[in-house]
Protein chains: 2
Amino acid sequence: MIQTTEVVDKARAAQQAAALLRQSRTTARDAALRRMAGGLRASRTDVLVANIKDVEASREAGATAALLDRLALNEARVDAMAQALEEVAALPDPLGEGESWVRPNGLHISKIRVPIGVIGIIYEARPNVTVEAASLAFKAGNAVVLRGSSSALETNKVLVALMRQALQESGLPPDAISLVEDTNRDVVDEMVRLNGLLDVVIPRGGDALIQRVVRAATVPVIETGVGNCHVYVDSRADLDKAERIVVNAKTHRPAVCNAAESLLVHGEVAAAFLPRVGRALIEKGVELRGCPRTREWLSDAKPATEDDFGREFLDLIMSVKVVDSLDDAISHVNCYGTHHSDAIVTEDYSAARQFTQAVDSAAVYVNASTRFTDGGEFGFGGEMGISTQKLHARGPMGLRELTTSKYVVTGEGQIR
Amino acid sequence: MIQTTEVVDKARAAQQAAALLRQSRTTARDAALRRMAGGLRASRTDVLVANIKDVEASREAGATAALLDRLALNEARVDAMAQALEEVAALPDPLGEGESWVRPNGLHISKIRVPIGVIGIIYEARPNVTVEAASLAFKAGNAVVLRGSSSALETNKVLVALMRQALQESGLPPDAISLVEDTNRDVVDEMVRLNGLLDVVIPRGGDALIQRVVRAATVPVIETGVGNCHVYVDSRADLDKAERIVVNAKTHRPAVCNAAESLLVHGEVAAAFLPRVGRALIEKGVELRGCPRTREWLSDAKPATEDDFGREFLDLIMSVKVVDSLDDAISHVNCYGTHHSDAIVTEDYSAARQFTQAVDSAAVYVNASTRFTDGGEFGFGGEMGISTQKLHARGPMGLRELTTSKYVVTGEGQIR
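Residues numbered from 1 in each chain as written. Chains lettered and ligands numbered in written order. Predicted model: local features only at pLDDT ≥ 70, side-chain atom pairs only at ≥ 80, totals over all residues.

**What to know about the interface of chain A and chain B**
- Facing 56 residues of chain A, the contacting portion of chain B comprises 56 residues.
- Within the residue set of the side of chain A that touches chain B, elements represented by two or more residues are α9 (207-216), α10 (239-251), α15 (349-358), β13 (363-368) and β16 (403-414) of chain A.
- If you tally residues by element for the side of chain A that touches chain B, the top one is β16 of chain A, at 11 residues.
- Class assignment of the residues belonging to the side of chain A that touches chain B gives a composition of 23 nonpolar, 20 polar and 13 charged.
- Relative to strand β16 (residues 403-414) of chain B, β13 of chain A runs parallel, the two being bridged by 5 bridges. (Contact = placed C-beta atoms within 7 Å. Helix = DSSP H or I, 4+ residues; strand = E, 2+ residues; numbered from the N terminus. Nonpolar A, V, L, I, M, F, W, Y, C, P; charged D, E, K, R; others polar. Pairing = 2+ DSSP bridges.)

**Topic: the pairing of strand β4 (residues 143-147) of chain B**
All names here are of chain B.
- When you tally the buried positions in β4, you get 5 out of 5 residues, the bulk of the element.
- The two faces of β4 match: A143, V145 and R147 on one face and V144 and L146 on the other face are all buried.
- Of the pairings in the sheet, the one linking strand β3 (residues 118-123) to β4 comprises 5 bridges and is parallel in character. The residue of β4 that forms the bridge with I119 is V144.
- The parallel pair β3 and β4 is bridged by helix α6 (residues 128-139), and the resulting crossover is right-handed.
- Sheet analysis places β4 next to strand β5 (residues 177-179), joined by 3 bridges and oriented parallel. Bridged to V144 within β5 is I177.
- You can see the chain leave β4, run along helix α7 (residues 153-169) and come back into β5, and the turn it takes is right-handed. (Buried ≥ 20, exposed ≤ 12 C-beta atoms within 10 Å, placed from the backbone. Right-handed = clockwise from strand over helix to strand, strands pointing away.)

**What to know about α6 of chain B**
Residue and element names in this part refer to chain B.
- In this model, α6 (12 residues) spans 16 Å end to end at C-alpha, consistent with the 16 Å of a helix rising 1.5 Å per residue.
- Of all 12 residues that make up α6, 11 are buried, and the element is covered over most of its length.
- V129, T130, V131, E132, A133, A134, S135, L136, A137, F138 and K139 are the residues of α6 that are buried.
- Downstream of α6 by one or two residues, G141 has phi in the positive range, about 85°. (Expected span 1.5 Å × (residues − 1).)

**Considerations on the confidence of the model for chain A**
- Of the residues in chain A, 99% reach a pLDDT of 70 or more, and the chain-wide mean stands at 95.
- Interface confidence in the predicted complex, given as ipTM, is 0.93; pTM for the same model is 0.92. (pLDDT = per-residue confidence, 0-100.)

**Concerning the sheet that holds β16 of chain A**
- The 10 strands are arranged β1(A)-β2(A)-β16(A)-β13(B)-β12(B)-β7(B)-β8(B)-β11(B)-β9(B)-β10(B) in an open sheet whose pairing can be described as mixed. Looking at strand neighbours, the two that pair on one side only are β1 (98-102) of chain A together with β10 (302-303) of chain B, the edges of this open sheet.
- Note that strand β9 (residues 287-290) of chain B and strand β11 (residues 317-323) of chain B share 4 bridges and pair parallel. In the sheet register, G290 of chain B faces β11 of chain B, and the bridge partner there is V320 of chain B.
- Helix α15 (residues 349-358) of chain B contacts β16 of chain A together with β12 (341-345) and β13 (363-368) of chain B of the sheet and is inclined by roughly 160° relative to β13 of chain B. (Axes fitted to C-alpha atoms, helices over the stretch in contact; angles between N-to-C directions.)

**Quick look at the domain arrangement of chain A**
- When its domains are assigned, chain A resolves into domain 1 (6-224 + 397-410) and domain 2 (229-375).
- Placing the centre of domain 1 of chain A and that of domain 2 of chain A at their C-alpha centroids yields a distance of 36 Å. (Domains from an automatic or database assignment.)

And the structure:
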């Protein structure tokens, strides 16, 4: 018998709620999402008052400016959450999609998309994740147990209370969305071992959080996150496109997982490309760390260590390496990369084909920025994170990735 | 740095092979599979000689007759393996299947089915699993590292050597299929923690093996197996169909995971159905364990304990319970079952609809035996096991379930 604690109680209640959600209609869930949006707008002041408490407490505890920025809400941010809820309500429902066939013995088999059940989500300071993650999981018919950062607890409590109230008013079980309020860090370890109560755990946040969850979990985990992404500039690259793509992939938003961390340049275009891309990157404040051959053309670059090629900087830093061939570029990406997003810039058909086939990453690009690896950019309408594992979901996880399948087999007395 | 041991060396070699397989053609892999079949037939004697060694050693070590039967090969069994290889070669290749779309900014996005990479398979005494599991994983473009039972080691060595030779002769990397020969049990624990080398581990065997792997693994695992399957006979059941289905589901092959372990009967038909199904089951040698209401109509049934309703007997034993309603039947199945395969027997449209929606199992049946949950019966041409988890694969795992996906995004210089 599992000992009763807050997290166990909430997971059990979520499991009951999931059984009801499994039979709920799209229209009912969408109406609840729209009601949540309305509730959030109507109670904007309550959210902001709670948020001020969280921000003040974090400031007194000496939080960094970056953390305070992630934590702090304002009217526009609350309105954006409400709008996101309405956008999720407007997305097509993935549930019930499927295929069916008839076997020679007359059995009809349907494979139907159904909710996973209960999803545990463990995340960090941004309160908007509370609304975004809960709404996507709920839209796909799942119950969620949320475990956010203690720094955002007061804000999260108000947000979850508003969502639960909307569920209640919509005739759906409020326990479909719950928040673990126990701020003891051991709760995470307890949560990721609730086999039989949680069907999956999704960590959202930095590498330390994700690794902690992966190591401790016995419940299946969808690993998200780390992106050591490459741009490879081939000998047949259009160097204008190459410069535009490298600068965008590195500098557009350097702290996110689909930002490029490493630049590979074919030896034949090193002389023509490295000085110009170097200037452009340095102008944007990027620190370059190059291999010896890179530094022949880019004297401003610091020497790169072996470690630099394996790192996700999440900052305005880029490692640079000159390679002798497409094969070397592919080997480098597969060896040092994290199988997230990698790009080739080339006008050579065969090179493009070989790169996309041989690079073992969730998203492989030809002549486009790695920054497009994103549920919104891919047209999924939202995302729960970007999976870097190969099982279940790979790349941006939209609503479909928050479902599983069920076989429904109907007959007229068939036996074996 | 990972310490170098046999399993690490073989996993590393498999990773190199996987990189080549990723770019191999269907025709090449299918030719290799057919060559394996030819090699197996040509070297049948070598296989049988090795197998006699294994069987003798196991007999001397006091193995049970059941184990010896699983272990022992004969000409017909070797020929069946060769034929299975040819059947796998003839299956359609799942690789490259996909969907594609164009985004408003002109990016073309394709989601393409690709190999997972390196699959670790941990299994027990049956040597035919060596050929079956390796061939399915390889057909889907994966390299495999096999860890069979020490009792089958000599047989497995010959089988794997034959498959590797066929790979070599077909111009494909022999390290695509390798066998861990170290019989130390700790090797399993080492293997399931090779993150970065193995992409997934699939245990095939009894519950003890599977639970051991799930608990020890940090590599993602696809859990297969345990089936506490139910047949629910509704108040509106056709009792002839019901009897036929219950007897088949229980007695056709009682030791497999899709055999029924528990019978639920609606109170309104208990008097009419229990005596006749009881007679039919007892005639087949089934021991019945019933709830008090069952025993009013089936005096031959022993009293069932709470534990009996949660057990996978894998034997000619069946628990029986009388329920008051469809809702009670659904709650019982979701609470005591293992979410594998569960059936309702009914002529009532609404009851069938509610049961299939509310029962949270990989396969839900109306008026058919649970025994159909099988890759072959579903038309997949073969199976790697039956997944009882909800992530990645649920139910029988065919070739598609041995693949992952990759997004290929092509542009003409797009940036964000």
